[in-house]
Structures are given as structure tokens and as C-alpha cells.
Amino acid sequence: MAKKTKPISKLKKELDKWFSLYIRIRHSHNGIAQCFTCGKIDHYKKLQCGHFQSRRHHATRWNEQNCEVQCVKCNMFSGSGEQWKFGLNLDAKHGLGTSQELEQLARQTVKRTRVDYEENIRYYKAIVKNLKEEKGIE
């Protein structure tokens, strides 16, 4: 019997999960991370993957420069994920003009294939596994 293939919507959701874990774990220490916009410190499992340019823009949805750790308040309840502060902090971290480049990139149309999703899922799943082992966290 042939293996049933997952719909693209399920692959997108799975990629979101692994990418989010990667973003929250990459700068954590002992499982603790800091909100990029307000500085709140908490366990990575209680924080979120915040996007400078909205997730609806597929060109930047899984762009590592576009995403940082955010607390729930900044990401969900402060209107647009504290985008202004987010942009200032991105420019400070990655160089002046980074936020403007991401705004332009977000407007581009990107079509991802099933293979793109599957490869990215494997990639981020492996990175998360390695980071957890490296950092000794669950």
C-alpha cells in the first residue's frame, strides 16, 4: 500500500512548529530566553516565535532574520507584535536597513513545493535535536 502524503497545509503547520522551536531555542541558555522587544525572561516553552513581517508573507515566514523570541504579550496583545520596536532591534542586531530589506522581501511572491516543505522540516528538526543536546535541555 502506498504511503499517504500529507496535505501542504499539514506540512506548513509542521514546519512552523520546528522553525518556532529553533527560533526559541537558538539563543536560550539553560532553556531560558529573552523577549526581543521587551526583554522579559522566561522558559523557551512559554515564549513564542515572533515575526517582524507577518507570517502571512511566505517570503519571510521562515526567514531566520525576520524571526525572534517574543513573549505572548508583545507578540499577540501589543498590536502587530511590537513591530516598530522589533524593526529597531533588528537594525541594531543585523545592521541598519535590515528591517527595510525584510519589508521589501515580504512583498515578493514565493511558491513552495511539497519537497521544499519536507526538506525544511527535516533540516529544522535536526537542528532542534542538536541544539537541545548541545544545550542539555528538554
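Check the entry above for the structure.
Treat the numbers as computed from the prediction; the structure is a model and nothing was measured.

Peer 1: For this particular structure, what's the right way to read the overall build of the protein?
Peer 2: Looking only at helices and strands, the protein features six helices and four strands. When the elements of the protein are put in sequence order from the N terminus, they spell out α-β-β-β-α-β-α-α-α-α. In summary, the protein has a C-alpha radius of gyration of 16 Å against a globular reference of 14 Å for 138 residues, a match within 12%. Over its C-alpha atoms, taken along the principal directions, the protein stretches across nearly 50 × 40 × 25 Å. Relative to its full complement of 138 residues, the protein shows a buried share of 43%. Expressed as a percentage of contacts within the protein between residues at least 6 apart in sequence, the contacts between residues at least 24 apart total 70%. Approximately 8,600 Å² of the protein is accessible, and the part contributed by carbon and sulfur atoms is 51%. Charge separation in the protein, taken as the distance between the mean sites of 27 positive and 15 negative side-chain charges, equals 7 Å.

Peer 1: Help me out: how do you make sense of the environment of asparagine 30 in this one?
Peer 2: Among the secondary structure elements, asparagine 30 is positioned in the loop between α1 (8–26) and β1 (32–34). The spacing of asparagine 30 and glutamate 101 is 71 residues in sequence and 33 Å in space, taken between C-alpha atoms.

Peer 1: Explain the pattern of salt bridges to me, please; I cannot follow it from the model alone.
Peer 2: Per the counting criterion, the structure on display carries six salt bridges. Linked by salt bridges that have partners in common, Asp16, Arg55 and Arg61 make up one network.

Peer 1: Help me understand the state of the cysteines, please; the structure alone is not making it clear to me.
Peer 2: Applying the stated criterion across every chain, the model contains zero disulfides. The thiol sulfur of cysteine 35 is not disulfide-bonded, and the nearest other cysteine sulfur, from cysteine 38, lies at 3.7 Å. Judged by its relative accessible area of 3%, cysteine 35 falls in the buried class. Free of any disulfide, cysteine 49 has its nearest neighbouring cysteine sulfur in cysteine 67, separated by 4.2 Å. Judged by its relative accessible area of 11%, cysteine 49 falls in the buried class.

Peer 1: Please clarify how the environment of valine 128 should be interpreted in this entry.
Peer 2: Looking at where valine 128 falls in the secondary structure, it is placed in helix α6 (residues 114–135). Separated by 110 residues in the primary sequence, valine 128 and tryptophan 18 have C-alpha atoms spaced 7.3 Å apart. Apart from residues lying up to four places away in sequence, valine 128 is in contact with Trp18, Leu21, Tyr22 and Ile25.

Peer 1: Help me out: how do you make sense of the nonpolar core in this one?
Peer 2: Proteins that are soluble and globular tend to have nonpolar side chains buried together. Counting 19 residues, the largest nonpolar core has Phe19, Tyr22 and Ile25 as its most contacted members. When residues of this core are traced back to their parent elements, those giving at least two are α1 and α6. Sort the elements by how many residues they give to this core and α1 lands first, with eight residues. What isoleucine 25 contacts, discounting residues up to four positions off in sequence, is Tyr44, Val128, Leu131, Lys132, Lys135 and Ile137. Ranked by size, the runner-up nonpolar core spans six residues in total, among them Ala33, Leu47, Cys71 and Cys74.

Peer 1: So what exactly am I meant to see when it comes to the packing of aromatic side chains here?
Peer 2: Each pair of aromatic rings is reported with the distance of its centres and the angle of its planes. What the rule picks out here adds up to six aromatic pairs. An aromatic cluster of three or more residues is present, and its members are Phe19, Tyr22, Tyr123 and Tyr124.

Peer 1: Honestly, a nonpolar patch on the surface in this entry has me stumped. Any pointers?
Peer 2: A contiguous nonpolar surface patch, about 330 Å² in accessible area, is contributed by Val72, Met76 and Phe77. Assignment of secondary structure puts phenylalanine 77 in helix α3 (residues 72–77). On the accessibility criterion, phenylalanine 77 (64% relative accessible area) is exposed.

About the cut-offs
Residues numbered from 1 in each chain as written. Predicted model: local features only at pLDDT ≥ 70, side-chain atom pairs only at ≥ 80, totals over all residues. Heavy atoms only, no water. Helix = DSSP H or I, 4+ residues; strand = E, 2+ residues; numbered from the N terminus. Rg over C-alpha atoms; globule rule 2.2 N^0.38 Å. Buried < 20%, exposed > 50% of the residue type's maximum accessible area, 1.4 Å probe, protein only. Contact = heavy atoms within 4.5 Å. Areas by Shrake-Rupley, 256 points an atom, 1.4 Å probe, with all protein chains shown as cover. Lys, Arg positive; Asp, Glu negative; His and termini not counted. Charge placed at Lys NZ, Arg CZ, Asp CG, Glu CD. Salt bridge = Lys/Arg side-chain N within 4 Å of Asp/Glu carboxyl O. Disulfide = S-S within 2.5 Å. Core = buried A, V, L, I, M, F, W, Y, C linked by side-chain atoms within 4.5 Å. Phe/Tyr/Trp six-rings, centres within 6.5 Å; stacked < 30°, edge-to-face > 60°. Patch = residues over 30% accessible without salt bridge, like charges linked within 9 Å, V, L, I, M, F, W, Y side chains within 5 Å.

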